[in-house]
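Coordinate inspection notes
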Amino acid sequence: GKSGGVLAHENGQGTLEYNDIFDNALSGVELKTGAHTTLRHNRVYNGKTGGVFVHESGRGTLEDNEIFANAYSGVEIKTGANPILRRNRIHDGKWGGVYVHDNGLGELEDNEIISNTMTGVLVNTGGNPTLRRNRISNNGREAIVIRDNAGGRFEKNDLRGSTNGFMTVAPDCEARVTLTDNRE
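Presented here is an overview of the structure given in this document. (Residues numbered from 1 in each chain as written. Predicted model: local features only at pLDDT ≥ 70, side-chain atom pairs only at ≥ 80, totals over all residues. Heavy atoms only, no water.)

A few words now on the overall build of the chain. Counting its secondary structure elements, the chain contains 0 helices and 22 strands. Dimensions along the principal axes, computed over C-alpha positions, put the chain at roughly 40 × 25 × 25 Å. Sequence-distant contacts, at least 24 apart, represent 41% of the contacts inside the chain between residues at least 6 apart. If the 21 positive side-chain charges of the chain are averaged to one point and the 24 negative ones to another, these points end up 1 Å apart. (Helix = DSSP H or I, 4+ residues; strand = E, 2+ residues; numbered from the N terminus. Contact = heavy atoms within 4.5 Å. Lys, Arg positive; Asp, Glu negative; His and termini not counted. Charge placed at Lys NZ, Arg CZ, Asp CG, Glu CD.)

Right, let's talk about the packing of aromatic side chains for a bit. Tallied over the entire structure, the rule returns 3 aromatic pairs. By the ring-pair criterion, three or more aromatic residues cluster together here, those being Phe22, Tyr45 and Phe68. (Phe/Tyr/Trp six-rings, centres within 6.5 Å; stacked < 30°, edge-to-face > 60°.)

A few words now on the sheet that holds strand β15 (residues 112-114). Spatial strand order, β3-β6-β9-β12-β15-β18: 6 strands in an open sheet with parallel pairing. Two strands close off the open sheet at either side, each with one partner strand: β3 (20-22) and β18 (135-137). Adjacent strand axes in the sheet meet at a mean angle of 5 degrees, parallel and antiparallel pairs treated alike. Two strands pair when backbone bridges link them, and strand β6 (residues 43-45) and strand β9 (residues 66-68) are joined in this way by 3 bridges, in the parallel orientation. Bridged to Val44 within β9 is Ile67. (Pairing = 2+ DSSP bridges. Axes fitted to C-alpha atoms, helices over the stretch in contact; angles between N-to-C directions.)

A word on the pairing of strand β7 (residues 52-55). For a regular strand, side chains alternate in direction, first toward one face of the sheet and then toward the other. Side chains Val52 and Val54 of β7 all project onto a buried face; the interleaved residues Phe53 and His55 project onto the opposite face, where all are buried too. Sheet topology note: the strand β4 (residues 29-32)/β7 ladder contains 4 bridges and is parallel. Across the sheet, Leu31 pairs through a bridge with Val54, a residue of β7. Two strands pair when backbone bridges link them, and β7 and strand β10 (residues 75-77) are joined in this way by 3 bridges, in the parallel orientation. Among the inter-strand pairings, Phe53 is bridged to a residue of β10, identified as Glu76. (Buried < 20%, exposed > 50% of the residue type's maximum accessible area, 1.4 Å probe, protein only.)

With that settled, the discussion passes to the side chain of Asn111. Residue position: Asn111 is located in the loop between β14 (107-109) and β15. Relative accessible area serves as the criterion here: at 1%, Asn111 is assigned to the buried category. Excluding residues within four positions of it along the chain, Asn111 makes contact with Leu85, Arg86, Arg87, Asn88, Arg133, Asn134 and Arg135.

Treat this as a map of the structure, not an account of what it does.
Take a look at the structure:
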């Protein structure tokens, strides 16, 4: 059957460190329903879908992980999930780097989101993350795309060097987007 790598839910806690999580049919790591798990120094790669999937109000902290070469997004955040991502390298995804949608949140600080096939960070359908001091570059499309009633705060990110430029913001989203001191 289809299997994921690590599932944490129903307020699951604990720390997962120094693991290789790879070749899973579903997400390498799934955090849901209030999970507060910490993932640190793991490698999550070659997933048949996404790398890390945080949803249904999942929380969690991802620090110093390498998330790469997954078929879909390296990290997907949706349905009220609000994880913290710090100092992760999210790269070489066959789709995009980070996908925030369906009212997902998230605080992303000091990550490298680079060399993904499509967009570095895609935010849509009510997503509203905060990104500070990330390097989002060398992606196949834009560094960041915001559309479908989404928004977010983007502060001091390096958004240079993606194929289609640094950012596309749909007109219905402009009022919900705050940009401060980004390098374009």
